[in-house]
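Residues per chain, in single letters:
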Amino acid sequence: MTPDALTAHLTATAHPGTASPCACPTGLLADRPDATVLRHGDTVAKAHAPGTGPADLTRRLAVAAALPDVLLAPRTSAPVLVDGRLVTYWPLGDPVDRDDPDAAPWEAAATLLARLHRTPLDGPLPPMRGPAKAAAATARLRKALETAPCPDAQPVLRAWAALPGWARGEAPAPGVPALCHGDLHLGQLVRHPAPDGPWRLIDVDDLGVGSPAWDLARPAAWYACGLLPPEEWTRFLDAYRAAGGPAVPPDGDPWPVLDVPARALTVQTAALALTKALTAGRSPDEVEQAVVDACARMTGQP
């Protein structure tokens, strides 16, 4: 789907029967192969990845609508088909300010996750897609290597092969399942559009049943790779525990639970970084190299 096609559809939806130009603020928020996202006035439209199942997406929308204290509630109860893609509609919220890392809402993210993980499982829910996304990232790296060999890829692929099957999306996760977000990072939070609104989680594409430790794994991996300062990791972990999050013990060492998913997220991040670098015909930058080096350490390489 092109941004123009989504813009035309969203404008027509917002102002049915009106042919005159619209003065509402508009803007393209994201345009990737897996998602096109734009705003029109106070509404955000998202065209989901090709192949997204309508039944699973509808169920995920229902979960978001039922948990307005955790997830930003959708504007509609079901996706619509536009130009061959499923589209959903959401209220416009304020994202995390990337230029002010000191104000990052780690406590809010952790508290929302704890609430989500403590939600009773009700009715049939799709699986959380975190491990499947990690597998897809590794598959894309293998595909890129067919035309652009890269020595840096070998430790990443070795680290992937060393993971247990559940972390590669090949088997059910161990432990007690929970309702999970599936792709937690600070870009998945927005302030609710109400005045002084609270933070809410967005992006339900990967929402489902799985290991709650997966939702803590990306910040854990960043911390282990030296990309997240220890004090920020501690703020996140302490807030999650204080809110009764079930993914880790209430005190003591969390790493026996977090080690495998953190390794999987490190591999996923490294695979995506190398694929991006190979596609652009360049060497990995400093941050990208840090996660690649972490994969080498995970497999005992210097």
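To be clear, the structure that these remarks concern was listed above.
Residues numbered from 1 in each chain as written. Predicted model: local features only at pLDDT ≥ 70, side-chain atom pairs only at ≥ 80, totals over all residues. Heavy atoms only, no water.

Trainee: Please clarify how the sheet that holds strand 8 (residues 189-191) should be interpreted in this entry.
Mentor: Strand-to-strand pairing in sheets goes through backbone hydrogen bonds, with the strands running parallel or antiparallel. Sheet architecture is open: three strands sit in the order 6-8-9, paired in antiparallel fashion. Lying at the two open borders of the sheet, with one neighbouring strand each, are strand 6 (94-95) and strand 9 (199-201). (Pairing = 2+ DSSP bridges. Helix = DSSP H or I, 4+ residues; strand = E, 2+ residues; numbered from the N terminus.)

Trainee: Sorry, what's going on with the environment of T7 here?
Mentor: Tracing the backbone through its elements, the reader meets T7 in helix 1 (residues 3-14). As for T7 and S211, which are separated by 204 residues in sequence, their C-alpha atoms are 37 Å apart.

Trainee: What is the right way to read the pairing of strand 3 (residues 43-47) from this model?
Mentor: For a regular strand, side chains alternate in direction, first toward one face of the sheet and then toward the other. Buried residues dominate strand 3, accounting for five of its five residues. Of the two faces of strand 3, both are covered, the one formed by T43, A45 and A47 as well as the one formed by V44 and K46. The antiparallel hairpin formed by strand 2 (residues 35-40) and strand 3 contains two residues in its connecting segment, where G41 sits at a positive phi of about 65 degrees. Sheet topology places strand 3 next to strand 5 (residues 85-91); five bridges connect them, and they run antiparallel. Paired with V44 across the strands is W90, a residue of strand 5. (Buried < 20%, exposed > 50% of the residue type's maximum accessible area, 1.4 Å probe, protein only.)

Trainee: Which parts of the structure should I look at to understand the packing of aromatic side chains?
Mentor: Aromatic ring pairs are reported here in terms of the distance separating the ring centres and the angle at which the planes meet. Within this structure, the stated rule accounts for six aromatic pairs. On the numbers, 6.2 Å between centres and 70 degrees between planes, the contact of W166 with W214 is edge-to-face. Taken together, the residues span a long stretch of sequence, with W166 in the loop between helix 5 (153-161) and strand 7 (178-180) and W214 in helix 6 (residues 213-224) at a distance of 48 residues. Aromatic side chains Y223 and W255 sit 6.3 Å apart centroid to centroid with 25 degrees between the ring planes, which places their arrangement in the stacked category. Placement of the pair is Y223 in helix 6 and W255 in helix 8 (residues 255-280), with a sequence separation of 32 residues. Given the relative accessible area of 30%, Y223 is considered partly exposed. Through a chain of ring-to-ring contacts, the aromatic side chains of W106, Y223, W233, F236 and W255 assemble into a single cluster. (Phe/Tyr/Trp six-rings, centres within 6.5 Å; stacked < 30°, edge-to-face > 60°.)

Trainee: Sorry, what's going on with the side chain of R60 here?
Mentor: In this structure, R60 sits in helix 2 (residues 54-66). D56 provides the closest opposite charge to the buried, salt-bridge-free R60, at an N-O distance of 4.4 Å. Side-chain polar atoms of R60 contact the backbone oxygen of P127, separated by 3.1 Å. If near-sequence neighbours (up to four positions away) are discounted, R60 is found in contact with P126, P127, R129, V204, D205, D206 and L207. (Lys, Arg positive; Asp, Glu negative; His and termini not counted. Salt bridge = Lys/Arg side-chain N within 4 Å of Asp/Glu carboxyl O. Polar contact = N/O pair within 3.5 Å; in protein donor to acceptor, adjacent residues only side chain to side chain. Contact = heavy atoms within 4.5 Å.)

Trainee: Please explain the sheet that holds strand 5 as it appears in this structure.
Mentor: What the five strands build is an open sheet, ordered 1-2-3-5-4; its pairing is antiparallel. If you trace the sheet from one side to the other, it starts and ends with strand 1 (26-32) and strand 4 (80-82), each paired once. Neighbour-to-neighbour, the strand axes of this sheet turn through a mean angle of 25 degrees, independent of strand direction. Bridge count for strand 2 against strand 3 is five bridges, and the pairing is antiparallel. If you follow H40 over to strand 3, its bridge partner there is T43. (Axes fitted to C-alpha atoms, helices over the stretch in contact; angles between N-to-C directions.)

Trainee: Explain unusual backbone geometry to me, please; I cannot follow it from the model alone.
Mentor: Among all residues save glycine, negative phi is the norm, and among peptide bonds the norm is trans. Although it is not a glycine, D83 adopts a positive phi angle of roughly 55 degrees. Checked against the element boundaries, D83 lands in the loop between strand 4 and strand 5. One non-glycine residue with positive phi stands out, namely D203, at about 70 degrees. Position of D203 among the secondary structure elements: in the loop between strand 9 and strand 10 (208-210).

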